[in-house]
Amino acid sequence: MIGALVEAWAEFRVHRARVLLSLVGVVIAVAALAAVVGVGSIASQAQIEQLERGAGRPATLVLNPPYDPRTGKQADPAKLAAAFDQIVERYSITYAGSVLWSGGQAQFVDGVDAVQLTVVDPAYGPMHRVQLARGDWFSDRDELRLTPALVVSDAVWRRLGSPDLATHPTLTLIGRQPTTGVILGVLPPDPYVGNLQAYLLGSGYAALAPSAAPGASPLPMYEFWVPLELADPLAERIRAEVGAAFGEGWVVDVQRQDYLAWGAGDPLEPVRIVLLAIAGLILLLGALSLVNIALVTVRQRVREIGIRRAFGATAPRVFLAVLLESVVATVIAGFVGVVLAVILVQSDWIQGLIAPGLQDAVPFPVEAAVIGLVAATGVGALAGLLPALVAVRVKVVDAIRY
Amino acid sequence: MSLLVLEAVTRSVELPGGGRLEILRGIDLEVDAGDHVSIVGRSGSGKSTLLGLLGLIDDPSSGRIVFDGMPLARVSGGRRDRLRGRDVGFIFQQFHLLPGRTALENAMTPLLYARGRQFWRRERIATEMLERVGLGDRLQSTPDRLSGGEQQRVAIARALVRGPRLILADEPTGALDVDTGSAVMALLDEVAAASGAALITITHDPGIAAMAGRRFRLDEGVLRPVDAADRAVAAPPGGAP
Ligand SMILES: Nc1ncnc2c1ncn2[C@@H]1O[C@H](COP(=O)(O)OP(=O)(O)OP(=O)(O)O)[C@@H](O)[C@H]1O
Ligand SMILES: [Mg+2]
């Protein structure tokens, strides 16, 4: 095997010019293939992260506020919170918390404007992959602050005049009582939703809530980030426990809400399939021209093969050498193709096209590089097979008379 | 035990128009280690065909070839290839160097099919052999940059790198002038004698043939020893043992 590799490499060096020319097609095809796969996986990673920001990472269970359909009564918030605490404790769930969406208003220099408020627990950050452009997400200590802590969207921050967070900028929210919060962090600019948005903790929301009276304000839902394989049994247990806490007749709704549970397909899939098909066709054409060239040269090299056989090369060895020669060449072509694809996909232009708003450049996916190289190797083996078969059929005496 | 034995060997080929062409008929030959055999014959008499049989690259149409005690009919495929690689060194009629490869790469070719030490030290071994044939300063030259005599010496180095027990030379001097020819032959003779290998030289040059201890003539596919009378005519004074 080592001998065959050494020989293949030497052959490649001798026929460099011809081989390189015939490889242009393979280089282009592999570059296209790797680029498509690369773009696809970067785009779908961006997409997944987007989905996870919205609905939580797999598996996220959500407990909606229970209600009694007979009376139309809503759950008592304190009782619900107690049930939640008990579940978190009993099943040692590290990441869990309440989420409540609420409309609100904020005072800006140029007037009052509507702001979408999301009341969360500190666990919301890791559970929803919250990434900040500047500053920090909430920590547990922030619950105890006297001035409520806020994380605001880029739009809010700009509206405030893009203040340096080190100066502890504040935002005044208008509710039952006006509350001034200090801004801890700012979300990255979001091209899809350029809205005014603020996150705050439950402790900060207390003063803003329309009324402290039970039933007067909306109830939060509770989210649990649990291992995928435990999602179904845990959902069952949570339903049972909350059901037990509220008693017969109450409707307790526990659902998976992460994107995996929706069975949502990749929206880029059709585009990707078309591009892959095109790359596959180019690869096929490249392979055909490789086969063609290899066949022609094998005929020219019958004499050489005969000479090698006379000096002890066995038929399998000749087969392997011719095959490897083709593989060595296409692997090199594949490598060049992958490098081209990396350069292309990592360029700012492409990055901006496929994953706008991503803060950090996503590294070129390893699987794209691997697929490119595997495809190149496969094409090399296929293209080398036919000439290799011709090569073993060479009869030594005849080849030498040639 | 003889290194190589041919018993009643014939070789015929099917002609495209139908009918058979008998190239070799009833060849009997025994070659021992250290023998120097020469075979002369006119063009088309079947010399190269015989060489193919002697070198294990062809099979007789009938008769038996025994190499080193093994009937070749029972040695086939990869075993035969490896045996040939290890024990036979060819010097072909038209050199048959690999074009585009340097002298060193050409001389290394047989070692690519060897194992162990010979494979791993192939560059050293080939370099030493090229130095021995006087081409130590032409290692990196490709065949198209070498004269006929130099190419022939590369071919000789290539035939000898694995230390074969049987050296087969087909018209080793055919493309060379008389002086270069006898120098090349002397070298071949010397290397063969030093390693105790058997040397079979095919030639149409009586002077070259006369350097061999055992002489044969191939005529219309029939091999006969050259008799004493022929020898007296063909051999240069004092050339025969
Ligand atoms: N495979 C073959 N098919 C048909 N004819 C063949 C084949 N091999 C050899 N011959 C014929 O057999 C005869 C002997 O050929 P061979 O090459 O052995 O001659 P030679 O003695 O080496 O001649 P030269 O001195 O010119 O090299 C020639 O007439 C050749 O045409
Ligand atoms: Mg001949």
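Undergrad: What's the story with the overall build of chain B in this structure? I'm lost.
TA: Across its full length, chain B holds nine helices and ten strands. Looking at chain B residue by residue over its 241 residues, the buried ones come to 54%. Excluding contacts between residues fewer than 6 apart, the proportion of contacts in chain B whose partners are at least 24 apart in sequence is 70%.

Undergrad: Please explain empty space enclosed by the protein as it appears in this structure.
TA: Rolling a probe over the atoms, with the probe sized like a water molecule, indicates the empty space that remains. Residues and elements named next belong to chain A. Evaluated as defined, the whole model comprises three cavities of 30 Å³ or more. By volume, the second largest cavity is sized at about 110 Å³. Glu7, Arg301, Arg308, Ala321 and Val322 are the residues nearest the centre of the second largest cavity, which is lined by 14 residues in total. The leading source of residues in the lining of the second largest cavity is helix α11 (residues 315-346), at five residues.

Undergrad: What is the right way to look at unusual backbone geometry in this model?
TA: For residues that are not glycine, phi is negative in most cases, and the peptide bond is trans in most cases. Note that the residue after proline 58 of chain A, namely alanine 59 of chain A, is joined by a cis bond; omega there is -10°. Turning to its location among the elements, alanine 59 of chain A is positioned in the loop between α2 (16-55) and β1 (60-68). Even without being glycine, serine 162 of chain A reaches a positive phi, approximately 45°. On the secondary structure map, serine 162 of chain A appears in the loop between α5 (154-159) and β7 (170-174). In this structure, phenylalanine 95 of chain B takes a positive phi of about 65° despite not being glycine. Structurally, phenylalanine 95 of chain B is set in the loop between β6 (88-91) and α3 (103-112).

Undergrad: Is there a simple way to explain the nonpolar core in this structure?
TA: Nonpolar side chains in soluble globular proteins generally cluster together in the buried interior. Residues and elements named next belong to chain B. In terms of nonpolar packing, the biggest core is built from 40 residues, with Leu6, Ile39, Leu50, Phe67, Phe90 and Leu166 touching the most fellow members. Among the elements that make up this core, the one with the highest residue count is strand β2 (residues 20-31) (five residues). Beyond its immediate sequence surroundings of up to four residues, leucine 50 is in contact with Leu6, Leu24, Ile27, Ile39, Leu218 and Leu223. Leu130, Leu135, Leu187 and Leu188 belong to the second largest nonpolar core, which has 35 residues in total.

Undergrad: When you look at the sheet that holds strand β1 (residues 4-14) of chain B in this model, what are you seeing that I'm missing?
TA: Each strand in a sheet pairs with another by means of backbone hydrogen bonds, the pair being arranged parallel or else antiparallel. Residues and elements named next belong to chain B. Strand order across the open sheet formed by four strands is β2-β1-β4-β5, with antiparallel pairing between neighbours. At either margin of the open sheet sits one strand with a lone partner, and together these are β2 and β5 (70-71). Here strand β4 (residues 62-67) runs beside β5; their pairing, made up of two bridges, is antiparallel. The residue bridging phenylalanine 67 from the neighbouring strand is methionine 70, located in β5.

Conventions and cut-offs
Residues numbered from 1 in each chain as written. Chains lettered and ligands numbered in written order. Predicted model: local features only at pLDDT ≥ 70, side-chain atom pairs only at ≥ 80, totals over all residues. Heavy atoms only, no water. Helix = DSSP H or I, 4+ residues; strand = E, 2+ residues; numbered from the N terminus. Buried < 20%, exposed > 50% of the residue type's maximum accessible area, 1.4 Å probe, protein only. Contact = heavy atoms within 4.5 Å. 1 Å grid on protein atoms, 1.4 Å probe; cavity = no way out; pocket = protein on both sides within 12 Å on 5 of 7 lines; lining within 4 Å. Points joined across faces, edges and corners; volume = space filled by probe spheres on them. Core = buried A, V, L, I, M, F, W, Y, C linked by side-chain atoms within 4.5 Å. Pairing = 2+ DSSP bridges.

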